[in-house]
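Breakdown of the fold
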Amino acid sequence: ARPRRTLVFVAFTAEEAGLGGSSWYVNHPTWPLGETAAMLNMDMVGRMRDKKVIAFGADTAKEFGDILEKANDEKLALTARGDGYGPSDQTAFYAKNIPVLHFFTGAHSDYNRASDDSEKIETEGLAQIARLVRRVALELANRDGRVAFVPSGQIAHAQGQTGGTGGYGAYFGSVPDFTESEVPGVVITGTRAGSPAEKAGLLQGDRIVKFGEVDVKNLYDLTFALRKYKPGDEVAVSFARAQETKNVTVVLGKRE
């Protein structure tokens, strides 16, 4: 039967270059964002081990916990937690107040390497993930009402959106603004609770222009800069607030 809501399938490019494709999409959507009930993101789901899968963003809608539990009829070892911010394409949608889920089966030694070849895909696990996401998508598409969005400030355990991938560097905790801008730097919409960025005093509207030794012109530069450091490193950060440039020193955290 035809779903009651429209389903839009998107293959985003330039995720590694600062969520380029998804941030462009939310500013030029094929389907109006105001009519977009949720975004489901599959990023690194081909190497499932011991039936383990994480659904990040499960706290971004009040109903997600029940929906995921009901959809998990293959009894995967499913962990569901977290807000919608993290180094993958769901972040651009969550910044636009859309509930999100990021399905992830864990990091591995071939991550971002040429050795990550197709024969290493765990095909049955990948099929199980696809069926899980299908069931979640159909529930969201056919339910009477939309799920209720929960902003980051109302989510207690705001840290930890990468599931310890290790590939995205240390944790800073700034929340980027994905509104298009011609001005160099990364404008933030705020900071995550308890993060190094919050402790350093960064606020909504601040524009990060330098992170350590890296001049930050865009989100790609900031992502690259974070990958240069490890948890516990002390880093100088420069940001513009109104007409003034401020300099702070932060101690980077660990992604959990």
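Residues numbered from 1 in each chain as written. Predicted model: local features only at pLDDT ≥ 70, side-chain atom pairs only at ≥ 80, totals over all residues. Heavy atoms only, no water.

This part covers the overall build of the protein. A tally of helices and strands in the protein yields six helices and 10 strands. Its C-alpha radius of gyration of 18 Å places the protein within 12% of the 18 Å reference for a compact globule of 256 residues. With the C-alpha coordinates aligned to their principal axes, the bounding extent of the protein is approximately 55 × 40 × 30 Å. Taken over 256 residues, the protein has a buried fraction of 47%. Sequence-distant contacts, at least 24 apart, represent 72% of the contacts inside the protein between residues at least 6 apart. A total of about 13,000 Å² of accessible surface is found on the protein, and carbon and sulfur atoms cover 49% of it. Here the protein contributes 31 positively and 33 negatively charged side chains, and the mean placements of these two sets differ by 2 Å. (Helix = DSSP H or I, 4+ residues; strand = E, 2+ residues; numbered from the N terminus. Rg over C-alpha atoms; globule rule 2.2 N^0.38 Å. Buried < 20%, exposed > 50% of the residue type's maximum accessible area, 1.4 Å probe, protein only. Contact = heavy atoms within 4.5 Å. Areas by Shrake-Rupley, 256 points an atom, 1.4 Å probe, with all protein chains shown as cover. Lys, Arg positive; Asp, Glu negative; His and termini not counted. Charge placed at Lys NZ, Arg CZ, Asp CG, Glu CD.)

In this section: the pattern of salt bridges. In a structure, side chains of opposite charge can pair up when their charged atoms sit close to one another. Counting across every chain of the model gives 13 salt bridges. A salt bridge links Asp116 to Arg47; its shortest N-O distance comes to 2.8 Å. Highlighted residues: Asp116 in the loop between strand E4 (100–104) and helix H4 (123–142) and Arg47 in the loop between strand E1 (39–42) and strand E2 (52–56), separated in sequence by 69 residues. The class for Asp116 is partly exposed, based on a relative accessible area of 38%. Since its relative accessible area comes to 16%, Arg47 is described here as buried. The salt bridge partner of Arg131 is Glu124, with a shortest N-O separation of 3.0 Å. Since its relative accessible area comes to 32%, Arg131 is described here as partly exposed. On the basis of relative accessibility, which here comes to 42%, the residue Glu124 falls in the partly exposed class. Residues joined by salt bridges that share partners form a network here, namely Asp73, Glu74, Glu124, Arg131 and Arg135. (Salt bridge = Lys/Arg side-chain N within 4 Å of Asp/Glu carboxyl O.)

For the rest of this paragraph, the subject is unusual backbone geometry. Here Met44, not a glycine, exhibits a phi torsion of approximately 65 degrees, which is positive. By the secondary structure assignment, Met44 is in the loop between E1 and E2. On the basis of relative accessible area, Met44 is assigned to the partly exposed category, the value being 22%. Despite not being glycine, Ala242 shows a phi value in the positive range, around 60 degrees. Relative to the assigned elements, Ala242 resides in the loop between strand E9 (234–241) and strand E10 (244–251).

Time to look at the nonpolar core. By size, the foremost hydrophobic cluster in this structure holds 37 residues, and its most contacted members are Phe172, Ile208, Phe211 and Leu252. Elements represented by at least two residues in this core include exactly helix H1 (20–27), helix H3 (90–94), strand E6 (186–191), strand E7 (207–211), helix H6 (219–227), E9 and E10. It is H6 that provides the largest number of residues to this core, a total of four residues. Once residues within four sequence positions are removed from consideration, Phe172 is found in contact with Ser195, Pro196, Ala197, Leu202, Ile208, Phe211, Leu226, Val237, Val250 and Leu252. In this structure, Ala61, Leu68, Ala71 and Phe103 belong to the second largest nonpolar core, which totals 19 residues. (Core = buried A, V, L, I, M, F, W, Y, C linked by side-chain atoms within 4.5 Å.)

The sheet built from four strands is open, its strands ordered E1-E4-E2-E3 with mixed pairing. A single partner strand is all that each edge strand has here, and the edge strands are E1 and strand E3 (77–81). Strand-to-strand twist of the sheet, defined as the mean angle between neighbouring strand axes without regard to direction, takes the value 20 degrees. Across five bridges, E2 lies against E3 in parallel orientation. Of the residues in E3, the one forming a bridge with Lys52 is Ala77. (Pairing = 2+ DSSP bridges. Axes fitted to C-alpha atoms, helices over the stretch in contact; angles between N-to-C directions.)

Moving on to a nonpolar patch on the surface. A cluster of nonpolar side chains, contributed by Val8, Val10 and Trp31, occupies part of the molecular surface with about 230 Å² of accessible area. Along the chain, Val10 falls in the segment before H1. Owing to a relative accessible area of 40%, Val10 belongs among the partly exposed residues under this scheme. (Patch = residues over 30% accessible without salt bridge, like charges linked within 9 Å, V, L, I, M, F, W, Y side chains within 5 Å.)

As a general rule, the predicted coordinates of low-pLDDT regions are not to be interpreted in detail. Across the protein, the average pLDDT comes to 88, with 93% of residues at 70 or higher. Every residue in residues 157–168 is under pLDDT 50, and counting partners more than four places away or in other chains gives 46 contacts. (pLDDT = per-residue confidence, 0-100.)

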